[in-house]
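# Survey of secondary and tertiary structure
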Amino acid sequence: MHGSFACLAKPVLHGYFRSSCSWRVRIAFALKGIEYDQVPVNLIKDGGQQLTDQYKALNPMQQVPAVEIDGITLSQSLAVIQYVEETRPGPKLLPTDPKKRAQVRMICDLIVSGIQPLQNLYVIQKIGAEKVQWAQHFIDRGFQALEPILKETAGAYCVGDEISMADICLVPQVYNAERFKVDVGQYPTIKRLNQALLEIEAFKVSHPCCQPDTPADLRA
């Protein structure tokens, strides 16, 4: 199955350097060793380049990422990650054990459904002056649930000792928490896992500080 994809064109990731959903895809591609091209979509400039008709044709939700891969376009980060998991070789991003696999999906869903959408750019822009307090509230609420779950499931990483899709979701969410001045020290398991993951090359090369569209003042 994997071999049939080897001669296809490189995937194209339409994303934004600081988008946590785009970062998830970059991490997965890095872990899998997938070469890809990036087309930056600036969510701020020109009122938001994701709102153009041209981009809407790629992703009707007018969000990032959108990924052109193997002749199709996918527009939800977990759909992209699961697609490359099912079609590409490399490290497994979902455990083979059904219980661990369910735990990975539970953690992913908690983050991608229960935390991130409530503090993403579109929502924050609607909130106005209270946006920081709003974001802090919902990130703290989510982390208060996530911390005891990870205490039970974690080994070296979120679920046991192998990197999984849960880790791919965790790191960008912690980055968002820090941006909104959430005290991550309240959540020792989350903090420990995040620090360990940020030492791994796939998480480093995909980091928002070193993308083609990272502004000069945010580069590291």
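Please refer to the structure higher up on the page.
Throughout what follows, the structure given in this document is the object of discussion.

Each value, and the rule that gives it
Residues numbered from 1 in each chain as written. Predicted model: local features only at pLDDT ≥ 70, side-chain atom pairs only at ≥ 80, totals over all residues. Heavy atoms only, no water. Core = buried A, V, L, I, M, F, W, Y, C linked by side-chain atoms within 4.5 Å. Buried < 20%, exposed > 50% of the residue type's maximum accessible area, 1.4 Å probe, protein only. Helix = DSSP H or I, 4+ residues; strand = E, 2+ residues; numbered from the N terminus. Contact = heavy atoms within 4.5 Å. Phe/Tyr/Trp six-rings, centres within 6.5 Å; stacked < 30°, edge-to-face > 60°. Lys NZ or Arg CZ within 6 Å of the ring centre and 35° of its normal.

## Considering the nonpolar core
Phe143, Leu146, Leu150, Leu170, Ile190, Leu197 and Phe203 are the most contacted members of the largest nonpolar core, which totals 44 residues. When contributions to this core are tallied by element, the ones reaching two or more residues are α1 (20-32), α3 (77-87), α4 (98-114), α6 (131-153), α7 (165-179), α8 (188-197) and α9 (201-205). Residue contributions to this core peak at nine residues, all from α7. When residues no more than four places from it in sequence are discounted, the contact partners of Phe203 are Trp23, Ile27, Ile163, Asp167, Ile168, Val171, Leu197 and Leu198. In terms of nonpolar packing, the next biggest core, distinct from the first, is built from 10 residues, Leu13, Ile34, Ile69 and Val84 among them.

## Digging into the packing of aromatic side chains
Scanning the entire structure with this criterion turns up five aromatic pairs. For the pair Tyr16 and Phe17, a centre-to-centre distance of 4.8 Å together with 65 degrees between the ring planes defines the contact as edge-to-face. Judged by its relative accessible area of 3%, Phe17 falls in the buried class. One residue, Arg179, lies across the ring of Phe180, its end atom 5.4 Å from the ring centre.

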